[in-house]
Amino acid sequence: MGLLHKFTSATKMAMLLPFHGVKQHRLMLQRYFSKEPAIGAIPYELLLHDRYWENHLGLDTGGWVPVDLEDGMLYEATPYLLLYEILRHLDLGPKDVFVDLGCGKGRATCMASRSAVGRVVGVEQDENFLQIARENLEKVPKRQAPVEFFNGLAQQFDFDDTTVVFLFNPFGARTLLEVVDLLQQSLQRNPRKLRIVYVNPVHEMVLLGTEWLENVATWQSDAYPEFAIQPPNPRMVSFWQAKS
Ligand SMILES: C[S@@+](CC[C@H](N)C(=O)[O-])C[C@H]1O[C@@H](n2cnc3c(N)ncnc32)[C@H](O)[C@@H]1O
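Keep in mind the model is a prediction, meaning the values are calculated, not measured.

K.L.:
So, the nonpolar core: which residues are in play, and what are the values?
P.N.:
Membership of the largest hydrophobic core comes to 37 residues, with the highest contact counts inside it found for L82, I86, F98, F166 and V237. Of all elements in the fold, only α3 (45-57), α4 (80-90), α5 (107-112), β4 (164-168), β5 (195-199), β6 (213-220) and β7 (235-242) reach the threshold of two or more residues within this core. Broken down by element, the residue count for this core peaks at 7 residues, all from α4. Built from parts of two domains, this core gets at least three residues from each of domain 1 (2-57) and domain 2 (80-242). When sequence neighbours within four positions are dropped, the list of residues in contact with F166 reads T78, L83, I86, F98, V99, D100, L101, A108, V197 and V199. Counting residues in each nonpolar core, the second largest holds 25 residues, with L101, V180, L187 and V206 among its members.

K.L.:
Lay out a nonpolar patch on the surface in plain terms, naming residues and giving numbers.
P.N.:
On the surface, L29, Y32 and F33 cluster together to form a nonpolar patch covering roughly 320 Å² of accessible area. Take L29: it is sitting in helix α2 (residues 25-33). You can call L29 partly exposed: its relative accessible area is 42%.

K.L.:
Could you give me a rundown of the environment of Q220, with the residues and numbers involved?
P.N.:
Checked against the element boundaries, Q220 lands in strand β6. On a C-alpha basis, the gap between Q220 and D160 in space is 31 Å, while along the polypeptide they are 60 residues apart. Apart from residues lying up to four places away in sequence, Q220 is in contact with P234, R235 and M236.

K.L.:
Describe in detail the site of the ligand, supporting the description with residues and values.
P.N.:
In the region of the ligand, 25 residues are neighbours, and T78, G102, E124, Q125 and A154 sit closest. In the model, a nitrogen atom of the ligand is placed 2.9 Å from a nitrogen or oxygen of the G102 main chain. Note that an oxygen atom of the ligand is positioned 2.6 Å from one of the side-chain N or O atoms of E124. Within the complex, 99% of the 610 Å² of free accessible area of the ligand lies under protein. With respect to the pocket detection grid, the ligand is positioned in the largest pocket. In terms of residue class, the shell around the ligand is built from 13 nonpolar, 8 polar and 4 charged.

K.L.:
Give a detailed account of the environment of Q230, specifying residues and quantitative values.
P.N.:
Position of Q230 among the secondary structure elements: in the loop between β6 and β7. Using a relative accessible area of 53% as the deciding quantity, one classes Q230 as exposed. Taking the C-alpha atoms as reference points, Q230 and P94, separated by 136 residues in sequence, lie 34 Å from one another. For Q230, the contacting residues outside a window of four places in its chain are N169 and N200.

K.L.:
Mind laying out the domain arrangement of the protein chain, listing which residues take part and the relevant values?
P.N.:
Segmenting the protein chain into domains produces domain 1 (2-57) and domain 2 (80-242). Taken over C-alpha atoms, the centre of domain 1 sits 25 Å from the centre of domain 2. Contacts between domain 1 and domain 2 engage 20 residues on the former and 17 residues on the latter. The three residues of domain 1 that bury the most area against domain 2 are L46, W53 and L57, which together make up 38% of that side's buried surface. The interface formed by domain 1 and domain 2 includes 3 salt bridges. One salt bridge in this structure joins R31 and E85, with 2.8 Å as the shortest N-O distance. At the surface where domain 1 touches domain 2, the tally comes to 11 residue pairs in polar contact (both at pLDDT 80 or more). At 9 residues, α3 tops the list of elements feeding residues into the side of domain 1 that touches domain 2. Residues belonging to the side of domain 1 that touches domain 2 are distributed by class as follows: 11 nonpolar, 3 polar and 6 charged.

Rules behind the numbers
Residues numbered from 1 in each chain as written. Predicted model: local features only at pLDDT ≥ 70, side-chain atom pairs only at ≥ 80, totals over all residues. Heavy atoms only, no water. Core = buried A, V, L, I, M, F, W, Y, C linked by side-chain atoms within 4.5 Å. Buried < 20%, exposed > 50% of the residue type's maximum accessible area, 1.4 Å probe, protein only. Helix = DSSP H or I, 4+ residues; strand = E, 2+ residues; numbered from the N terminus. Domains from an automatic or database assignment. Contact = heavy atoms within 4.5 Å. Patch = residues over 30% accessible without salt bridge, like charges linked within 9 Å, V, L, I, M, F, W, Y side chains within 5 Å. Areas by Shrake-Rupley, 256 points an atom, 1.4 Å probe, with all protein chains shown as cover. Salt bridge = Lys/Arg side-chain N within 4 Å of Asp/Glu carboxyl O. Near = heavy atom within 4 Å. Polar contact = N/O pair within 3.5 Å; in protein donor to acceptor, adjacent residues only side chain to side chain. 1 Å grid on protein atoms, 1.4 Å probe; cavity = no way out; pocket = protein on both sides within 12 Å on 5 of 7 lines; lining within 4 Å. Sits in = over half its atoms within 2 Å of the grid points. Nonpolar A, V, L, I, M, F, W, Y, C, P; charged D, E, K, R; others polar. Buried area = accessible area lost by both parts, 1.4 Å probe.

Pasting the structure below:
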């Protein structure tokens, strides 16, 4: 019964997709025909992508899990489609070190490992999540990059070769402030290009309050009507870089 329900709801979504696609044909054409990076999702698209990628990669990264940490947010994975477009937008290269800060069950870490990036690091304070992330990583087909995991707090991580920090609202303003200070100190020791991607940027005032970071792009939440981030935020993703 469960399987039948899964099958019929997926079929229903797949059948309705072209209908919504007609209304938002520009987005559809851009993403599926001209294969250019596209921002936004039409109804059912995020769900279908989540199902597709989770099956295709053989991963188990779903669910909402409370986190037992004073300034930590709950576990939830970034939708695959959003991750896919973020990674395309970042255009990672062999000199990049991509750090998924609060990697949870490893969805973003696993997806990034399939790009031509120098190295990927998943940082996570919860050993149980990290064990799942390790098991997930073993299953990822077409991995291109070496991956490491760091079991500890983001505030304890050594950022000295990090070039891209990925955050999906993992913690509160206090921790973010500590991390931003560490990044600045690390840049002073080792000047380099540094980018920050902040999904559901609840505490982006912290980034805005620095003098050394600039906001280079923002994707709005109304482009992703299906993805109800908590707490609600008109900004879905903001991209930052260290001023040169
Ligand atoms: C919203 S989940 C993000 C999962 C993953 N990055 C993704 O996008 O699929 C946030 C994760 O951050 C972790 N976390 C929260 N505070 C942390 C901290 N101070 N240091 C390390 N990990 C932390 C939580 O345990 C949780 O797994």
